[in-house]
Structure formats: C-alpha cells, structure tokens
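Residue-level structure breakdown
Chain by chain, the residues:
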Amino acid sequence: MKISQAPFGTSRDQKPVFLHTLSNDHGMAVEICNIGCSIVSVKVPDKDGNIVDVALGYDTAAEYEANPTAFGAVTGQYAARIRRGQYQWDGKTVQLELNEGKNNIHGGSNGFAYRYWDCVEASESRLSFQIFSPDGDSGFPGDLTVTVSYELTEDNTLAWESEATTQTETICCLTNHSYFNLNGCNSGSTEGQYMTINSDYILEIDDEMLPTGRVLPVAGTPFDFNSPKKLGAECDAGHPQLKIAGGYDHYFILRPFAPFSTQAYSEQTGIQFTLRTNAPGIQLYAGNFLNGTVKAKGGYYPQKRGGFCPEPISYPDAVNHPDFPSCVISRNNPQRYRTEMSFSIRK
C-alpha cells in the first residue's frame with residue numbers, strides 16, 4: 001500500500017485540509033479528506049480494466065463542511081436519529097438539537113461529519129484520524145475521543161476501524177456514510193444493481209422513521225435480500241414500511257457468522273462489492289431523497305437512488321430502547337467496530 005497527500009483547501013477554522021490517497025498495485029485507490037474523515041473516492045477496475053470511481057462525493061473541502069447528504073463521512077456522535085433529541089441520563093433529561101423536524105440526526109448540525117479530524121498516523125500500512133468531543137459538546141454529556149483508521153490491502157479490500165473511548169461515560173453510535181454506485185458515481189440510478197443482505201429481521205419504523213421497538217421478519221416481504229435481487233425490484237412496492245421512507249431506509253439485523261454482511265454487484269461493470277462488519281446491523285439507505293439538487297463531484301447532480309448507502313451501525317435510537325443493545329461506553333468499556341469493504345470482478 002502507498003500513501004500520498006495533496007492540498008484540498010482550508011477549513012472554516014483555517015486549518016489546512018488534505019486529500020490523503022491510499023493506493024495498491026492492483027489498480028485500487030481511495031481518497032480521504034480531513035473534513036468528516038470522509039471517503040471522497042473509491043477507484044477500482046471494472047471487468048474491462050477501466051478504472052471506475054464508485055463512491056459519491058464532492059470536489060472541495062467547503063462542500064464537505066456543508067455535506068447535506070453526509071456523502072462518505074463518519075457520522076456521530078450519534079449516527080441516525082434520536083427521538084425528540086432526548087434521552088435520560090443520570091436522572092435528568094438531555095435535550096439535543098432538533099435538526100431533522102422533531103428529532104436529532106447524526107449528532108446535530110455540528111456533528112462529526114462536518115468537522116475537522118486530525119490525521120494522527122500515516123504509515124505504510126495505516127491512515128488514522130482522530131477527533132475529541134468534550135463534555136457538553138453539541139449537548140452530549142461526557143467526553144469522547146474517536147479514532148478512525150483505514151487500511152488498503154493488495155486484494156482490493158478497504159478496512160475501516162473505529163475506536164470510541166471516554167474517561168467518564170457517554171453514548172456513542174458511529175458509522176461510515178459512504179454512498180456507492182457500482183456503475184460509477186455519475187452514472188444514474190442504482191436500481192438495476194443486485195444486492196444481498198444476510199438478515200432475517202428488520203426494525204419496524206414509525207412515520208418519523210424511528211424504530212418502534214418491534215422486530216419484523218423479512219421472509220415473504222420486499223425486505224428479503226437473502227438471495228441476490230435488483231435493488232429497485234421492490235423498492236416502490238406497496239409495503240407500508242416502504243411507503244414511510246419512500247423506499248429502503250431501514251435497519252437490517254445481521255445474521256451471525258454469515259460469510260459476509262452484504263454484497264452488491266453490477267452486470268454493467270462486473271464490479272462486486274462485499275461488506276463484512278462486526279456491527280450488529282446495517283442501515284440500508286437506497287438514496288430515496290436524492291433529487292438532483294445537490295452538486296457532487298465533477299458538477300454531477302445525483303438523482304433519486306443514484307447511490308446506495310449500507311451503513312454498518314449499532315441500533316438506531318438505542319438510548320431510548322432499553323431492550324436494544326446498549327450504546328453506552330465507559331472508561332473500561334470502549335466501542336470498537338471493524339468493517340471491510342472488498343471490491344472484485346464477479347465471476
């Protein structure tokens with residue numbers, strides 16, 4: 001693996017932003033910037049040997065600081081939604097910013113996705129970024145230090161590791177929010193690309209796209225991706241859960257010990273994407289709310305379902321559901337996740 005860097009503008013607080021590039025000897029290269037610790041591009045060879053950028057992103061640091069879609073970013077302190085932006089902590093009600101209607105999403109308008117991360121390691125095998133969030137930051141009690149590392153192997157696998165630690169106690173829910181289009185980031189809809197998810201259950205959502213606490217089986221529903229099917233095959237089916245979100249924006253509980261968590265491929269390019277994670281589930285967002293109003297790389301405006309976002313993540317709104325796996329971390333109980341994203345040519 002090789003690492004290089006190039007200037008990528010200046011942050012709003014006048015820090016130099018760099019585009020860090022990981023590359024290997026098999027045609028894969030990944031670009032990451034300091035803002036949001038964001039994956040800017042993922043360039044891989046297709047079945048004809050052409051290099052295709054399969055990750056949606058932006059051209060400038062300023063666009064990553066705005067990032068209305070969270071393209072490529074690490075979202076937190078609490079990714080996904082918290083109902084009414086509230087939770088109970090030490091006998092008191094914590095009130096967070098309501099930055100999506102009546103709820104908090106991705107930690108608020110000053111969440112980790114929009115902030116500067118320090119590059120703390122750039123060795124031959126590892127690229128690491130870090131951010132510190134003091135007690136009270138964005139309304140969250142407790143201090144939090146997050147380190148995210150990237151490694152690129154010679155078999156075209158990008159490994160993403162996160163470690164969240166605290167000296168006190170706090171809540172944490174992190175994910176990488178990359179959108180992929182295996183025909184190329186500026187190539188239109190992903191509805192014709194095939195997807196598999198090793199999951200037997202989803203979390204039911206209400207009309208605010210928050211979990212009700214109920215678990216629904218996928219068998220016999222449009223949420224059954226246990227065999228490959230086109231992402232758009234049932235995206236607009238009449239299922240009540242799909243009507244709420246305008247398509248897929250749901251949490252799939254992963255089946256333990258499966259050979260992979262999710263897999264997608266394109267017949268057009270032959271590119272296959274395989275994701276493995278130790279997170280308990282994946283939030284599959286099919287890009288239902290992309291609408292051609294956000295300018296992405298190269299001046300391209302992604303349309304509806306122009307990218308799919310498979311987010312390895314702990315349970316949404318877990319802080320308000322005692323029966324969900326806990327999102328609380330402490331000095332002796334850090335949170336560590338590892339996700340591997342592999343790219344190959346489907347045989």
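As a reminder, the structure under discussion sits directly above these lines.
Anyway, here's the lowdown on the structure attached to this text. (Residues numbered from 1 in each chain as written. Predicted model: local features only at pLDDT ≥ 70, side-chain atom pairs only at ≥ 80, totals over all residues. Heavy atoms only, no water.)

All right, on to the overall build of the protein then. For the protein, the helix and strand inventory stands at 2 helices and 27 strands. Computed over its C-alpha atoms, the radius of gyration of the protein comes to 19 Å, within 12% of the 20 Å expected for a compact globule of 347 residues. With respect to the three principal axes, the spread of C-alpha positions in the protein is 60 × 50 × 40 Å. Residue pairs in contact within the protein that sit at least 24 positions apart in sequence constitute 64% of those at least 6 positions apart. Carbon and sulfur atoms form 49% of the exposed surface of the protein, whose accessible area is close to 13700 Å². Where the 27 positive side-chain charges of the protein centre and where its 39 negative ones centre are 3 Å apart. (Helix = DSSP H or I, 4+ residues; strand = E, 2+ residues; numbered from the N terminus. Rg over C-alpha atoms; globule rule 2.2 N^0.38 Å. Contact = heavy atoms within 4.5 Å. Areas by Shrake-Rupley, 256 points an atom, 1.4 Å probe, with all protein chains shown as cover. Lys, Arg positive; Asp, Glu negative; His and termini not counted. Charge placed at Lys NZ, Arg CZ, Asp CG, Glu CD.)

Our next topic: unusual backbone geometry. Cis geometry is found at the peptide bond from glycine 76 to glutamine 77, where omega equals 10°. With respect to the helices, strands and loops of the structure, glutamine 77 is situated in the loop between strand 6 (74–75) and strand 7 (81–82). Of note in this structure, alanine 80 is not a glycine but carries a positive phi near 70°. A relative accessible area of 10% places alanine 80 in the buried class. (Buried < 20%, exposed > 50% of the residue type's maximum accessible area, 1.4 Å probe, protein only.)

The next point concerns the environment of lysine 295. Relative to the helices and strands, lysine 295 resides in the loop between strand 24 (281–285) and strand 25 (309–313). By relative accessible area, lysine 295 is classed as partly exposed at 40%. Along the chain, lysine 295 and glutamate 97 lie 198 residues apart, while their C-alpha atoms are 27 Å from each other. Sequence-distant contacts of lysine 295, defined by excluding residues within four places in its chain, comprise Tyr58, Glu63, Tyr300 and Tyr301.

In terms of burial, strand 18 (residues 199–205) is largely enclosed, as 5 of its 7 residues are buried. Here strand 18 pairs with strand 19 (residues 211–217) via 4 bridges, running antiparallel. What sits directly across from isoleucine 205, in strand 19, is proline 211. Hairpin connection, strand 18 to strand 19: the antiparallel pair is bridged by 5 residues, and methionine 209 has positive phi, about 60°. (Pairing = 2+ DSSP bridges.)

Once that is clear, we can look at the sheet that holds strand 3 (residues 29–33). Spatially, 5 strands are ordered 1-2-3-4-5 in an open sheet, and the strand pairing comes out antiparallel. Each of the sheet's edge strands pairs with one partner strand only, and the pair in question is strand 1 (2–10) and strand 5 (51–53). Neighbour-to-neighbour, the strand axes of the sheet open up by a mean angle of 20°, direction not taken into account. Both strand 3 and strand 4 (residues 38–45) contribute to a ladder of 5 bridges, which runs antiparallel. Note that in strand 4 the partner of isoleucine 32 across the bridge is isoleucine 39. (Axes fitted to C-alpha atoms, helices over the stretch in contact; angles between N-to-C directions.)

Let us look at the pattern of salt bridges. Applying the stated rule across the entire model yields 17 salt bridges. Between arginine 126 and glutamate 151 there is a salt bridge whose closest N-O contact spans 2.5 Å. With arginine 126 in the loop between strand 11 (118–122) and strand 12 (127–133) and glutamate 151 in strand 13 (residues 144–152), this residue pair connects regions lying 25 residues apart in the sequence. Taking relative accessible area as the criterion, glutamate 151 reaches 23% and is therefore assigned partly exposed. The closest approach of N and O atoms between arginine 338 and glutamate 340, which form a salt bridge, is 3.1 Å. The exposure class assigned to arginine 338 is partly exposed, which follows from its relative accessible area of 29%. Bridged by salt links that share partners, the residues Arg126, Glu151, Glu161, Arg338 and Glu340 form one connected network. (Salt bridge = Lys/Arg side-chain N within 4 Å of Asp/Glu carboxyl O.)

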